[in-house]
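Close look at the chain arrangement
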Amino acid sequence: MIIRLIALLLVVIVVMWLLKRLFAGDKQPDQISQQPQGENMVQCQYCGIHIPESAAVKRGGKTYCCEEHADLDQP
Ligand SMILES: [Zn+2]
């Protein structure tokens, strides 16, 4: 009898845990949109897109997403 009671309790705990996860999941996306750690993000001075600093094109102290935008932004 006590075994059945414990089993029932475990089922209730698991169901409550699942429901809690289900409702919490919508509010807090688990670091899906976060950037990779240690990678500094910079903005393209021409189109405004954000890119990792390692992938950015640097020219005249400004950062760009590609060579083309670096060329287009030059006076
Ligand atoms: Zn750009």
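Residues numbered from 1 in each chain as written. Predicted model: local features only at pLDDT ≥ 70, side-chain atom pairs only at ≥ 80, totals over all residues. Heavy atoms only, no water.

1. Considering the overall build of the protein chain
When its secondary structure is counted, the protein chain shows 2 helices and 4 strands. The linear arrangement of helices and strands in the protein chain, starting from the amino end, is α-β-β-β-β-α. Sorting the 75 residues of the protein chain into buried and exposed places 12% on the buried side. Taking contacts inside the protein chain between residues at least 6 apart in sequence as the whole, the part at least 24 apart equals 7%. (Helix = DSSP H or I, 4+ residues; strand = E, 2+ residues; numbered from the N terminus. Buried < 20%, exposed > 50% of the residue type's maximum accessible area, 1.4 Å probe, protein only. Contact = heavy atoms within 4.5 Å.)

2. Comments concerning the nonpolar core
In this structure, Val42, Cys44, Ile51, Ala56, Val57, Tyr64 and Ala70 together form the largest nonpolar core, which totals 7 residues. What Val57 contacts, discounting residues up to four positions off in sequence, is Lys62, Thr63, Tyr64, Cys66, Glu67 and Ala70. (Core = buried A, V, L, I, M, F, W, Y, C linked by side-chain atoms within 4.5 Å.)

3. Here we look at the coordination of the zinc ion
Around the zinc ion, the protein contributes the donor atoms Cys44 (SG), Cys47 (SG), Cys65 (SG) and His69 (ND1), at 1.9 to 2.4 Å from the metal centre. Angles of 96 to 123 degrees at the metal separate the 4 donor atoms of the zinc ion, which places the site in the tetrahedral class. Read from N- to C-terminus, the donor residues coordinating the zinc ion fall into the pattern C-x2-C-x17-C-x3-H. In this pair, Cys47 sits in the loop between strand S1 (41-43) and strand S2 (50-52) while Cys65 sits in the loop between strand S4 (62-64) and helix H2 (67-73), placing the two residues 18 residues apart along the sequence. Using a relative accessible area of 41% as the deciding quantity, one classes Cys47 as partly exposed. Take Cys65: its relative accessible area is 22%, and that puts it in the partly exposed class. (Donors = N, O, S within 2.8 Å, 3.2 Å for Na, K, Ca; no water. Tetrahedral: all angles 85-135°; square planar, octahedral: opposite > 155°, others 65-115°.)

4. Looking at a nonpolar patch on the surface
On the surface, a nonpolar cluster with roughly 540 Å² of combined accessible area is contributed by Ile2, Ile3, Leu5, Ile6 and Leu10. Structurally, Ile3 can be placed in helix H1 (residues 2-27). (Patch = residues over 30% accessible without salt bridge, like charges linked within 9 Å, V, L, I, M, F, W, Y side chains within 5 Å. Areas by Shrake-Rupley, 256 points an atom, 1.4 Å probe, with all protein chains shown as cover. Salt bridge = Lys/Arg side-chain N within 4 Å of Asp/Glu carboxyl O.)

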